[in-house]
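Overview (structure and organization)
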Amino acid sequence: MSTSERIAARQINHRATGSDDLALVASRFAVAITEPMQDLIDPADPNDPIAKQFEPDVRELADNPGELHDPIGDEAHSPVPGIVHRYPDRLLLTAIRVCPVYCRFCFRHETVGQQDNGLLSAAELETALDYIRKHKEAWEVILSGGDPLLLSLRRLQKIVAELNGIDHVKVIRIHTRIPVVDPERITDDLVSTLKQNKALFVVLHTNHPRELTDAARHACARLIDNGIPMLSQSVLLKGVNDDAAVLEELLRKLVENRIKPYYLHHADRARGTSHFRTSIKEGQALMRQLRGSISGLCQPEYVLDIPGGHGKVPVGPQWISKCNSAIYSINDYQGCPHDYSD
Ligand SMILES: *Cc1c(COP(=O)(O)O)cnc(C)c1O
Ligand code: SF4
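Keep in mind it's a predicted model, so treat the numbers as computed, not measured.

All chains considered together, the criterion is met by 21 salt bridges. Here D130 and R133 are joined by a salt bridge, their closest N and O atoms 2.8 Å apart. Separated by 3 residues within a single helix, D130 and R133 lie in helix 5 (residues 122-134), roughly one turn from each other. Under the relative-accessibility criterion, D130 is labelled partly exposed at 33%. Measuring nitrogen to oxygen at the nearest pair gives 2.5 Å for the salt bridge that ties R217 to D214.

Have a look at this one:
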């Protein structure tokens, strides 16, 4: 394990210490926060949206009906360690299972940060790459995790170079939280590792406008200035961003920084996360409000990952309903219905 990978596993210094229940939370689920995120927390605010995302909470111990160890069914679609192949044209390569922070609502709540570092062994990585080489339909490879930007540069370089060498892989996508939670890691060396001829997209996980600090925005700009397009994904979280004004600020700030909002995820049913979940109805109402008030460039797709491994589908508000065979009724953003016929 490199020094950088070791630092990532350091423990959180949370405010509420000394509680047996919190110790139990920390023994069941990994806990970590980075300095930049710790610095953003307002200690005087009991409802701080940054603290909520990273500080362990006794509610994580609750046994809630419907919550699952593997809420999105990754395990059923994992042919070899490190590969999740659920859709024909794209697959996940999870080469590392640690993160710089541990989000309390994580869809892999019980599986990230559990072993030492969750790194694939050299042999496992070779088997995973072989799987990709053999599956000619794999047009896109998504590095997910854990956080793939925590891999040592040498390992990341190797993976990117190997993927570059596979003809049928046309697109590489990296899902990460690093530019926001640890922007100093976006170094020139990292940028040049990612900068290569195959299309490579970085998808940033960020949930609250306050996370987009000057340092975070500069880290993103460094990637984008080097020809790496960026998208964002956010999780809809009760008490963090389930508010039209907060979402609006986040989505605008992303676009102002050349990051295109991609997905707004309905929170997955991972164990001990029910205190974060809104209803789909609430999510739809927020999306309906956003449709009218912010630019189309700022609109993410509101998606649900169907429990059981059935994939992600949009669950946003309905704008169209069929009246009869030829006439549709379509609502505008203010809620007024209009007839339309083919
Ligand atoms: C989310 C996910 C993808 C990517 O889905 P997109 O809709 O293309 O963003 C691919 N494979 C798995 C297993 C996933 O969970
Ligand atoms: S960064 Fe992603 S994988 Fe890691 S804890 Fe947060 S949500 Fe989970």
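Still more to cover.
Quick look at the pairing of strand 4 (residues 171-176) now. With 6 of 6 residues buried, strand 4 lies mostly within the body of the structure. Neither face of strand 4 is left uncovered, since the one carrying V171, R173 and H175 and the one carrying I172, I174 and T176 both have all their residues buried. Considered for its hand, the β-α-β crossover made up of strand 3 (residues 140-144), helix 6 (residues 153-164) and strand 4 is right-handed. Inspection of the sheet shows strand 4 paired to strand 5 (residues 199-205) by 6 bridges, in the parallel sense. Following the sheet pairing, I172 is matched in strand 5 by L200.

Read from one edge to the other, the open sheet built from 3 strands follows the order 10-11-12, with strand pairing classed as antiparallel. Of all the strands in the sheet, just strand 10 (320-322) and strand 12 (337-341) have a single pairing partner and so form its edges. Between one strand and the next, the sheet's axes are offset by a mean angle of 30°, whatever the strand orientation. The pairing of strand 11 (residues 327-331) with strand 12 spans 5 bridges and is classified as antiparallel. Of the residues in strand 12, the one forming a bridge with N331 is P337.

Packing of helix 5 against helix 6 brings their axes to within 11 Å, and their N-to-C directions diverge by 20°. Considered as vectors, helix 5 and helix 6 are oriented roughly parallel to each other. The crossing of helix 5 and helix 6 is right-handed. Of helix 6, the residues touching helix 5 (which contributes L125, E126, L129, I132 and R133) are K158, I159, E162 and L163. For the contact of helix 5 with helix 6, a count of residues per class yields 5 nonpolar, no polar and 4 charged.

To continue, consider the packing of aromatic side chains. As enumerated under the stated definition, the model contains 2 aromatic pairs in all. Consider the rings of F105 and F276, whose centres lie 5.5 Å apart with planes at 75°: the pair is edge-to-face. Here F105, found in the loop between strand 2 (90-94) and helix 5, pairs with F276, found in the loop between strand 7 (259-266) and helix 11 (280-293); they are 171 residues apart in sequence, far enough to count as distant. When sorted by exposure, F105 lands in the same class as F276, which is buried. Ring geometry for Y262 and Y263: centres 3.9 Å apart, planes at 20°, overall stacked. Sitting above the plane of the Y87 ring, R90 keeps its charged end 3.8 Å from the centroid.

Its place among the elements puts T273 in the loop between strand 7 and helix 11. Sequence separation of T273 and L61 is 212 residues, and the distance between their C-alpha atoms is 9.0 Å. For T273, the contacting residues outside a window of four places in its chain are N64, E67, R104, F105, H109 and D268. Within the structure, T273 has its side chain in polar contact with the side chain of R277 (distance 2.9 Å).

Tracing the chain through its elements places T176 in strand 4. A residue is classified by how much of its surface remains accessible, and T176, at 3% relative accessible area, is buried. When near neighbours in sequence (up to four residues on either side) are disregarded, T176 contacts D147, L149, V202, V203, L204 and H205.

What counts, and where the lines are drawn
- Residues numbered from 1 in each chain as written.
- Chains lettered and ligands numbered in written order.
- Predicted model: local features only at pLDDT ≥ 70, side-chain atom pairs only at ≥ 80, totals over all residues.
- Heavy atoms only, no water.
- Salt bridge = Lys/Arg side-chain N within 4 Å of Asp/Glu carboxyl O.
- Helix = DSSP H or I, 4+ residues; strand = E, 2+ residues; numbered from the N terminus.
- Buried < 20%, exposed > 50% of the residue type's maximum accessible area, 1.4 Å probe, protein only.
- Right-handed = clockwise from strand over helix to strand, strands pointing away.
- Pairing = 2+ DSSP bridges.
- Axes fitted to C-alpha atoms, helices over the stretch in contact; angles between N-to-C directions.
- Parallel < 35°, antiparallel > 145°, perpendicular 65-115°, else oblique.
- Left-handed = near helix turned anticlockwise from the far one by under 90°.
- Contact = heavy atoms within 4.5 Å.
- Nonpolar A, V, L, I, M, F, W, Y, C, P; charged D, E, K, R; others polar.
- Phe/Tyr/Trp six-rings, centres within 6.5 Å; stacked < 30°, edge-to-face > 60°.
- Lys NZ or Arg CZ within 6 Å of the ring centre and 35° of its normal.
- Polar contact = N/O pair within 3.5 Å; in protein donor to acceptor, adjacent residues only side chain to side chain.

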